[in-house]
Each structure stands twice: as structure tokens, then as C-alpha cells.
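Tertiary structure, described
What follows is the residue order along each chain.
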Amino acid sequence: MTLLAIQNKNFFKHTWFKVEWNLGKRCNYDCSYCDIGTHDNFSPHMSFDVWKNTVDKILNSTNKKVKLSITGGEPYINPNIIEMFKYAKDSGVHNISVVTNGTAPLSKYEKSFDFVDSFTLSYHFEFADKEKLLKKVVQFHRELILHRTSNGKKNAKDFIIHIMFLPGHLAQVEEAIDLFKKNNILYIIRRIRPQKDPNSLSWLKPYSSGMTGTHKKKSLVKESYYSQKEIDWITNV
């Protein structure tokens, strides 16, 4: 078997070795649109030894700058996550980014500021406590900017919010956008790709368990997941 490398047309990016790393399926959420192949509430956490050995192998396999893009499940429920990030940075990983649902205590996120270069917080309406999450987002952003500024590393792309646009929540989406704009927080509106309900043969309805759906082929379902008003809004936003 011959291994081939895929290189980006951008010459600058040839100097990077990027790894998309799913840390595990364990998550404290059970969103309707997130299938059991991506999340559950029982899979074991990745051990520190597995993390350490894998980081070592990655670093030993290339002379390029290594970037780790960490997803899950929810990475921050791993009990060793701060130590794992620290080990990677201390070992020579150049850049770490992480996607999180924002439910970890702010103090835990702050402990990772020295090791994680960029954060993506996903706003999931089915589970997030709106008032608590929005307040935390603003505080998180403020503390991160202060930390970065004090270290001379301020970058607007260090922090971004993914708003998962759940049907029936247009007013809340607009409210969140207003808040983020007022606080100069970058955001992206994410249109959801729902799962198919294996029983009704329609889209899995919001507030259902994502561990009961099947696949996401839109051609198998006739009705729209979004209302026409929501489709018009997201098309023109």
C-alpha cells in the first residue's frame, strides 16, 4: 500500500501538519441531530496514556508544525483534559483548537488558556440554559481577551460561537446574535442537518434523543425541517 500526502494550494499551509482528533463519543448532551456514531453517554474516556503515546507518534512522524483540532463528544468532560492539553503543548504541538458545548465551569476553561489556541463554543438550544450560557460566553470571551492581551497574543479568531439554528428558535437566535454583536464576539449560524426517525420515517423532531435516529439523507423525507419563515431568514441573513 502506498501512502499519498494531500497538500494545500496555499504554500504557507504546506508547513503545517493538521490532525482532526475526535477525543471520544462521551457527551453530556443528547441533541436530536447528533447521531450515536458521534456521541453517547457511556463510552469510556480516552486515557492519558493513549493521548500521550499518540501525541508522541504524531510529533515523531513529521518535521512540520503540528496543529491538533480537538472535537468529541464533549472534550471537557474528560477528567484529564487540562493535563492532556498541557502535555501536547510542552511536547511541541504548535497549535491546539477545541470545539466545546460550553458547559464546563469557566475556571476549567481558564486553566486551558495557556495551552489551547482557539475555542469554538457551540450553542445547542435543546440543552443549553440560555441565560447561563450567554452570560458565560460573554465572560469567557472577556477573560480570554484579557489573558491573550497580557501575553501579546490577541487574535479575533481565538474565540467563535457556532449557533446551531434549531427550528422554532428564531427569536432566540436573533437575541443571541444581538448580544454577540454588542460584545464583538464572532459567530457563525449553523443550519442543522437532522437525522431520520426510524419509526415515523420523517425528520427526527427537536428535543428527541439523537441516539435513536438513523442517517441524514434528505432525499428520503419530503417535509421540510424548517418553516418557510426560517428558511427565508437563514437564506437572507
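Residues numbered from 1 in each chain as written. Predicted model: local features only at pLDDT ≥ 70, side-chain atom pairs only at ≥ 80, totals over all residues. Heavy atoms only, no water.

Helical periodicity: at 3.6 residues per turn, an α-helix aligns residues three or four positions apart in one direction. The end-to-end C-alpha distance of helix α5 (residues 170-182) is 19 Å, a good match for the 18 Å that 13 residues give at a rise of 1.5 Å each. Buried within α5 we find Leu170, Val173, Ala176, Ile177 and Phe180. Burial along α5 is one-sided: seen end-on, the buried residues are contained in an arc of 120°. Turned more than 90 degrees off the buried face of α5, the exposed positions are Ala171 and Lys182. (Helix = DSSP H or I, 4+ residues; strand = E, 2+ residues; numbered from the N terminus. Expected span 1.5 Å × (residues − 1). Buried < 20%, exposed > 50% of the residue type's maximum accessible area, 1.4 Å probe, protein only. Arc of directions from axis to C-beta.)

The next thing to look at is the state of the cysteines. The full count for this structure, using the stated rule, is zero disulfides. Free of any disulfide, Cys31 has its nearest neighbouring cysteine sulfur in Cys34, separated by 6.4 Å. (Disulfide = S-S within 2.5 Å.)

Taken together, the seven bridges between strand β1 (residues 16-22) and strand β2 (residues 65-71) define a ladder with parallel strand orientation. Within β2, the residue paired with Val19 across the bridge is Leu68. Each parallel crossover has a hand, and the one from β1 via helix α1 (residues 48-60) to β2 is right-handed. (Pairing = 2+ DSSP bridges. Right-handed = clockwise from strand over helix to strand, strands pointing away.)

For Ser32, the location among the structural elements is in the loop between β1 and α1. Take Ser32: its relative accessible area is 1%, and that puts it in the buried class. Every residue in contact with Ser32, bar those within four places of it in the chain, is listed here: Glu126, Gln195, Leu204, Lys205, Pro206, Tyr207, Ser208, Ser209, Gly210 and Tyr225. Here the side chain of Ser32 touches Glu126 through a polar contact of 2.7 Å, side chain to side chain. (Contact = heavy atoms within 4.5 Å. Polar contact = N/O pair within 3.5 Å; in protein donor to acceptor, adjacent residues only side chain to side chain.)

Right, let's get into the sheet that holds strand β4 (residues 118-124). The strand order across the open sheet formed by six strands is β1-β2-β3-β4-β5-β6, and the pairing between neighbours is parallel. The open sheet has two edge strands with one neighbour each: β1 and β6 (186-191). The sheet shows a mean angle of 15° between the axes of neighbouring strands, direction not considered. In terms of strand pairing, β2 meets strand β3 (residues 95-100) through four bridges, oriented parallel. Residue pairing for β3: Leu68 is matched across the bridge by Ile96. (Axes fitted to C-alpha atoms, helices over the stretch in contact; angles between N-to-C directions.)

Before going further, it helps to examine unusual backbone geometry. Most peptide bonds take the trans form, and the phi angle of most residues other than glycine is negative. Following Gly72, the chain continues to Gly73 via a peptide bond in cis, the omega torsion being 20°. In this fold, Gly73 is placed in the loop between β2 and α2 (81-91). A positive phi angle, close to 75°, is found at Tyr207, a residue other than glycine. Structurally, Tyr207 is set in the loop between β6 and α6 (228-236).

With that out of the way, let us pick up the pattern of salt bridges. Counted by the stated rule, this structure contains eight salt bridges. Asp90 is the partner of Lys86 in a salt bridge, and the nearest nitrogen-oxygen pair spans 2.6 Å. Placement of both Lys86 and Asp90 in helix α2 is noted, with a separation of four residues, approximately one turn of the helix. Taking the relative accessible area as the measure of exposure, Lys86 reaches 40% and is therefore partly exposed. For Asp90, a relative accessible area of 55% puts it in the exposed group. (Salt bridge = Lys/Arg side-chain N within 4 Å of Asp/Glu carboxyl O.)

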